[in-house]
Amino acid sequence: MKIACVGGGPASLYFAILMKKAWPNAEIDLYEQNPADVTWGFGVVFSDSTMAGFGDADDETLLEITQQFTHWDDIDIHFKGEVLRSTGHGFAGLARLKLLKILAQRARRLGVTMHFDTRVDDLGDLGPCDLIVAGDGVNSAIRTKYAADFEPEIAMRPNKFIWLGANKRFDAFNFYFKRNDHGLWRAHCYQYDQGTYANGNATIIVETTEETWRRAGLKNHTEEESVAFCEQLFERELDGAPLISNRSEWRTFPELSNKHWSRGNIVLLGDALHTAHFSIGSGTKLAMEDAISLSQALTRPGSIPEGLALFEKERRPDVISLQRAARVSMKWFEETERYYDQLDPPQFAFSLLTRSLRINHENLRKRDPNFVRGIDDWFADRAAQQSGVNLVTTKHIPPAFTPFKLRDLVISNRIAVSPMCMYSAEDGTVNDWHLVHLGSRAV
């Protein structure tokens, strides 16, 4: 069995590791166009549940990752002079270059042959292969060459963002929202290294609308000028720490999916296959979980084409689900001005934390009961003011069960049944039919 992995990112590396473990006699070569120990970007983030999945796939790789990562549970939301903290979330941060080194070393020990500084322009140069894994990134040359077969769909999102680093300590994942004369700016900030790393030990992603970006004159700024602008904009938040660039340019996010995942013996993996917005930090997670799924599909009985078909069948629903969550999270940040202008700090924080729809009121209550209790009390106070109903004795109730006033009518909760035409009442009075029908809904 001969396997060629094109691209030296987490998707290809992790797949090579898992396949070499499963098939020790397989000949696996990995080709990366950049030199060894070089990468673009700063840190990656994994949730605790994602890390547990890595342990199931290869506990040795997980052990090496956990020896070097930074872990935190808290999210701090900086909004209109207030800092709202939520805990219990469970994240791990790691320098992207460290992750790549861990994966590359593990692959070498297992017998994977690594080819750095090697660009693959023609797949024929790889020689006869049973399987070719195209893990060559969002701008995949392989996917582009065979676009008629893969049928990719790419939508460029409207917001502008720039990926930066800093030697700054954060004891939580921080979201900053800051308005200046140009408009509203968002910053996603997290630490990924305990010490001072070559490219900094924190990631800073600055994001805004294209309108604000243009008003600030950033369209014609150089990389150095953009870094200086962001340093000045978030000077207080950074405590004066300088920002670090690494091919840091203003860009728009490409939302990518593919109608078909494989062509013959060629299969897409990682960012070449799909993207998920950075606001849920799942790009590397998706790539490595792709590798797990593909390796599991191929090691079951059957041919390579059957394994690739099984990979797509089993993996696609998970990818669609995560991309859906990433999309609504992305849209929240594209429309933050709407929430910034209309919501009070507690409501804004709750909206942010539940933006992807994967975390709801109950999920958040299990993670951070004190935070949700405070939100519920705030909401109950507002409901009491709006309805005129004294709720002092019923604090800590879910918002759905607070009263609401419609003109002169006070209803006791926020639960409604959408009416059908048969619900028409005689002179505004319901009858026994309504009682039975609505009663069945209540049950």
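Our subject is the structure listed above.
Residues numbered from 1 in each chain as written. Predicted model: local features only at pLDDT ≥ 70, side-chain atom pairs only at ≥ 80, totals over all residues. Heavy atoms only, no water.

Observations regarding the environment of glutamate 314
Right, so step 1: Mapped onto the elements of the fold, glutamate 314 is located in helix H10 (residues 304–334).
Right, so step 2: For glutamate 314, a relative accessible area of 34% translates into the label partly exposed.
Right, so step 3: With 20 residues separating them in the primary sequence, glutamate 314 and leucine 294 have C-alpha atoms 9.4 Å apart.
Right, so step 4: A polar side-chain atom of glutamate 314 sits 2.8 Å from a polar atom in the side chain of arginine 300. (Helix = DSSP H or I, 4+ residues; strand = E, 2+ residues; numbered from the N terminus. Buried < 20%, exposed > 50% of the residue type's maximum accessible area, 1.4 Å probe, protein only. Polar contact = N/O pair within 3.5 Å; in protein donor to acceptor, adjacent residues only side chain to side chain.)

Here we look at the sheet that holds strand S4 (residues 70–72)
Right, so step 1: Spatially, the 3 strands line up as an open sheet ordered S3-S7-S4, and their pairing is antiparallel. The sheet is open, and its two edges are formed by strand S3 (43–47) and S4, each paired on a single side. Shown here is a sheet whose adjacent strand axes are inclined to one another by a mean of 25°, direction ignored.
Right, so step 2: Strand direction decides the pairing type here: S4 and strand S7 (residues 91–95), joined by 3 bridges, are antiparallel. (Pairing = 2+ DSSP bridges. Axes fitted to C-alpha atoms, helices over the stretch in contact; angles between N-to-C directions.)

Brief notes about the pattern of salt bridges
Right, so step 1: For the structure on display, the rule yields 30 salt bridges.
Right, so step 2: As a salt-bridge pair, arginine 109 and glutamate 64 come within 2.5 Å of each other at their nearest N and O atoms. Of the two residues, arginine 109 sits in helix H4 (residues 96–110) while glutamate 64 sits in helix H3 (residues 59–66), which places them 45 residues apart along the sequence.
Right, so step 3: With a shortest N-O distance of 2.9 Å, arginine 157 and glutamate 334 are connected by a salt bridge. One end of the pair, arginine 157, is in the loop between strand S10 (152–156) and strand S11 (160–166); the other, glutamate 334, is in helix H10, and 177 residues separate them in sequence. Accessibility assignment for this pair places arginine 157 and glutamate 334 in one class, buried.
Right, so step 4: Linked through salt bridges whose partners overlap, the residues forming this network are Lys21, Asp58, Glu60, Glu64, Arg106 and Arg109. (Salt bridge = Lys/Arg side-chain N within 4 Å of Asp/Glu carboxyl O.)

Overview of the sheet that holds strand S1 (residues 2–6)
Right, so step 1: A sheet is described by the order of its strands in space; here 6 strands give the open sequence S8-S2-S1-S9-S18-S17, paired in mixed fashion. Of all strands in the sheet, those with a lone pairing partner are strand S8 (113–115) and strand S17 (262–263), marking the two edges.
Right, so step 2: The pairing of strand S2 (residues 27–31) with S8 spans 3 bridges and is classified as parallel. Its bridge partner being in S8, aspartate 29 is matched across the sheet by threonine 113.

Observations regarding the pairing of strand S9 (residues 131–134)
Right, so step 1: In S9, alternate side chains face the same way, and those of Leu131 and Val133 on one face and Ile132 and Ala134 on the other are all buried.
Right, so step 2: Summarising the sheet, S1 and S9 pair through 4 bridges and their orientation is parallel. By the bridge assignment, alanine 4 is partnered in S9 with isoleucine 132.
Right, so step 3: Pairing geometry for S9 and strand S18 (residues 266–268), over 3 bridges, is parallel. Bridge pairing in S18 links alanine 134 to leucine 268.

Considerations on empty space enclosed by the protein
Right, so step 1: All told, the structure shown has 3 cavities of 30 Å³ or more when counted by the stated rule.
Right, so step 2: The calculated volume of the largest cavity comes to roughly 40 Å³.
Right, so step 3: Around the largest cavity, the lining residues are Phe253, Glu255, Thr275, Ala276, His277, Gln323, Ala326, Arg327 and Met330.
Right, so step 4: Looking at the lining of the largest cavity, the element that brings in the most residues is H10, giving 4 residues.
Right, so step 5: Split into classes, the residues belonging to the lining of the largest cavity amount to 4 nonpolar, 3 polar and 2 charged. (1 Å grid on protein atoms, 1.4 Å probe; cavity = no way out; pocket = protein on both sides within 12 Å on 5 of 7 lines; lining within 4 Å. Points joined across faces, edges and corners; volume = space filled by probe spheres on them. Nonpolar A, V, L, I, M, F, W, Y, C, P; charged D, E, K, R; others polar.)

Brief notes about the packing of helix H2 (residues 48–57) against H3
Right, so step 1: At a minimum axis distance of 6 Å, the contact between H2 and H3 shows a crossing angle of 140°. Between H2 and H3, the angle is such that the two are oblique. On H3, the residues that touch Met51, Phe54, Gly55 and Ala57 of H2 are Asp59, Leu62, Ile65 and Thr66.
Right, so step 2: Its residues placed into classes, the contact of H2 with H3 shows 5 nonpolar, 2 polar and 1 charged. (Parallel < 35°, antiparallel > 145°, perpendicular 65-115°, else oblique. Contact = heavy atoms within 4.5 Å.)

Some remarks on the packing of aromatic side chains
Right, so step 1: Inspection of every chain in the model, using the stated rule, returns 25 aromatic pairs.
Right, so step 2: Measuring from centroid to centroid gives 6.5 Å for phenylalanine 177 and phenylalanine 333, while their planes differ by 10°, and the two rings are stacked. One end of the pair, phenylalanine 177, is in strand S12 (residues 173–179); the other, phenylalanine 333, is in helix H10, with 156 residues separating them in the sequence. For the pair phenylalanine 177 and phenylalanine 333, one class covers both residues: buried.
Right, so step 3: Between the aromatic rings of phenylalanine 177 and phenylalanine 348, the centroid separation amounts to 4.9 Å while the plane-to-plane angle is 85°, which identifies the pairing as edge-to-face. Taken together, the residues phenylalanine 177 in strand S12 and phenylalanine 348 in helix H12 (residues 345–353) connect sequence positions 171 residues apart. As far as burial versus exposure is concerned, phenylalanine 177 and phenylalanine 348 are alike and both buried.
Right, so step 4: Of the aromatic side chains, those joined through ring pairs into one cluster are Trp72, Phe79, Phe91, Phe173, Phe175, Phe177, Tyr190, Trp332, Phe333, Tyr339, Tyr340 and Phe348.
Right, so step 5: Over the ring of tryptophan 213 we find lysine 160, and its NZ or CZ is 4.5 Å from the ring centre.
Right, so step 6: Looking at lysine 168, its charged tip hangs above the ring of phenylalanine 170, at a distance of 4.7 Å from the centre. (Phe/Tyr/Trp six-rings, centres within 6.5 Å; stacked < 30°, edge-to-face > 60°. Lys NZ or Arg CZ within 6 Å of the ring centre and 35° of its normal.)

A short note on the nonpolar core
Right, so step 1: Counting residues in hydrophobic clusters, the biggest one holds 66 residues, and the most contacted among them are Tyr14, Phe15, Leu126, Leu131, Val133 and Leu294.
Right, so step 2: Counting residues in each nonpolar core, the second largest holds 30 residues, with Val45, Ala95, Tyr192 and Trp332 among its members. (Core = buried A, V, L, I, M, F, W, Y, C linked by side-chain atoms within 4.5 Å.)

Here's the deal with H4
Right, so step 1: Taking 1.5 Å per residue as the helical rise, H4 with its 15 residues ought to reach 21 Å, and the 21 Å between its terminal C-alpha atoms agrees with that figure.
Right, so step 2: All of the buried residues along H4 are Leu97, Lys98, Leu99, Leu100, Ile102, Leu103, Ala104, Arg106 and Ala107.
Right, so step 3: Those residues of H4 that are buried are in contact with helix H1 (10–22), S3, H3, S7, S8 and helix H9 (283–298).
Right, so step 4: Just downstream of H4, glycine 111 is the residue with a positive phi angle, here 105°. (Expected span 1.5 Å × (residues − 1).)

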